Amino acid sequence: MKKISLMTLCFALAMLFVSCKPDKDEKDKMFIGTWGVDKIEYYNIDYAGNPIEASMETYDMTPGDPQSGIDLVFRADKTGEMRDRSQDTIYTDWNSETQQYETILVRPDTTLVTTFTYHFDEESSILYLNMSYARTFSMGIQELTDNSFIYTNEYDVDYVERAYMKRLTDAKASSEKQTVRRPNKPGSFLGER
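Within any chain, residue numbers begin from 1 and follow the written order of that chain's sequence. Thresholds applied to this predicted model are a pLDDT of at least 70 for local features of residues and 80 or more for the giving and counting of side-chain atom pairs; totals over whole chains, interfaces and linings are not thresholded and use all residues. By convention in this description, side-chain values take in all heavy atoms of the structure and omit both hydrogens and water.

The next thing to look at is the confidence of the model for the chain. On average, residues of the chain carry a pLDDT of 79, and 72% of them reach 70 or more. The low-confidence segment residues 5-10, where pLDDT is below 50, has 0 contacts with residues more than four positions distant or belonging to other chains. In the model, residues 16-22 has pLDDT below 50 throughout and makes 0 contacts with residues more than four positions away in sequence or in other chains. pLDDT: the predictor's confidence for each residue, scored from 0 to 100. Throughout, a contact is declared for two residues whenever any of their heavy atoms are within 4.5 Å.

The rule is short: rings of Phe, Tyr and Trp, with Trp giving its six-membered ring, pair when the centres are within 6.5 Å, and they are stacked under 30 degrees, edge-to-face over 60, tilted in between. Taken as a whole, this structure holds 9 aromatic pairs when the rule is applied. With centroids separated by 5.5 Å and ring planes inclined at 90 degrees, the aromatic side chains of Tyr-155 and Tyr-159 adopt a geometry described as edge-to-face. With respect to burial, Tyr-155 and Tyr-159 carry one shared label: buried. By the ring-pair criterion, three or more aromatic residues cluster together here, those being Phe-31, Trp-35, Phe-74, Phe-116, Tyr-118, Phe-120 and Phe-149. Geometrically, a lysine NZ or arginine CZ counts as sitting over a ring once it is within 6 Å of the ring centre and also within 35 degrees of the ring normal. Above the face of the Tyr-164 ring, Lys-39 is positioned so that its terminal group lies 4.7 Å from the ring centre. Only protein chains enter the accessibility calculation, which uses a 1.4 Å probe; a residue is then buried when its area is under 20% of its type maximum, exposed when over 50%, and partly exposed in between.

The phi dihedral of Lys-78 falls on the positive side, at around 65 degrees, and the residue is not glycine. Inspection of the secondary structure assignment puts Lys-78 in the loop between β3 (70-74) and β4 (79-84). Phi at Ser-125 takes a positive value of approximately 55 degrees, unusual for a residue other than glycine. Structurally, Ser-125 can be placed in the loop between β7 (112-121) and β8 (126-131). To qualify as a helix, a DSSP run of H or I must reach at least 4 residues; to qualify as a strand, a run of E must reach at least 2; elements of each kind are numbered from the N terminus.

In what follows, salt bridge is the name for a side-chain nitrogen of Lys or Arg lying within 4 Å of a carboxyl oxygen of Asp or Glu. Across all of its chains, the model carries 5 salt bridges by this definition. The salt bridge involving Lys-39 is made with Glu-41; its shortest N-O contact spans 3.6 Å. Looking at Lys-39, the relative accessible area reads 23%, which means it is partly exposed. Of the charged contacts, one joins Glu-81 and Arg-75 as a salt bridge, the two residues approaching to 3.2 Å between their closest N and O atoms. Glu-81 sits in the buried class, given a relative accessible area of 13%.

Mapped onto the secondary structure, Asp-71 falls in strand β3. Using a relative accessible area of 7% as the deciding quantity, one classes Asp-71 as buried. A 3.5 Å cut-off defines polar contacts: any pair of N or O atoms within that distance qualifies, except that in protein one atom must be a possible hydrogen donor and the other a possible acceptor, and neighbouring residues in sequence count only when both atoms are side-chain atoms. A polar contact is formed between the side chain of Asp-71 and the side chain of Arg-85, at a distance of 3.0 Å. Beyond its immediate stretch of four places on either side in the chain, Asp-71 contacts Thr-34, Trp-35, Gly-36, Gly-64, Glu-81, Met-82, Arg-83, Arg-85 and Leu-168.

Written out as structure tokens, the structure reads:
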């Protein structure tokens, strides 16, 4: 009888620990919703990993701007899409030898939509975005709150993209800032076309 009581107690304790285990996907859920780009910075880093001030390029944007904004939509099923209205010119066919695009298409009022799947590794604070065109980006999350997050993406040997994201509401965004057209950055998440 003592063995049965002991086994029942062990089983009950095991169930208690299993039910109290935190949800692994809790941080993934923080991303669910629509986020707009507030600011993008591109810069080189030195041998110690610090930004080189002389290389800093900053582009201020209006989150949710219907004319020239960039939005990221994260869904509960771990799929999403990037809606990019910031470029009227589409550059394709990057030639690494000449360091230029071979195809340039001018399309006014263009919205590029790219689908992705995502996963947030809480232990390493990395958001993985697997793009529909078979490329994966590893975004180092520097700060994550209910209404904003900041990520860095080292997309070349010593080149970094840092973006400041704001959670969008259903209200239409107003053009508080004048968005500056930014150049394409081959290999970066927000700059690649």
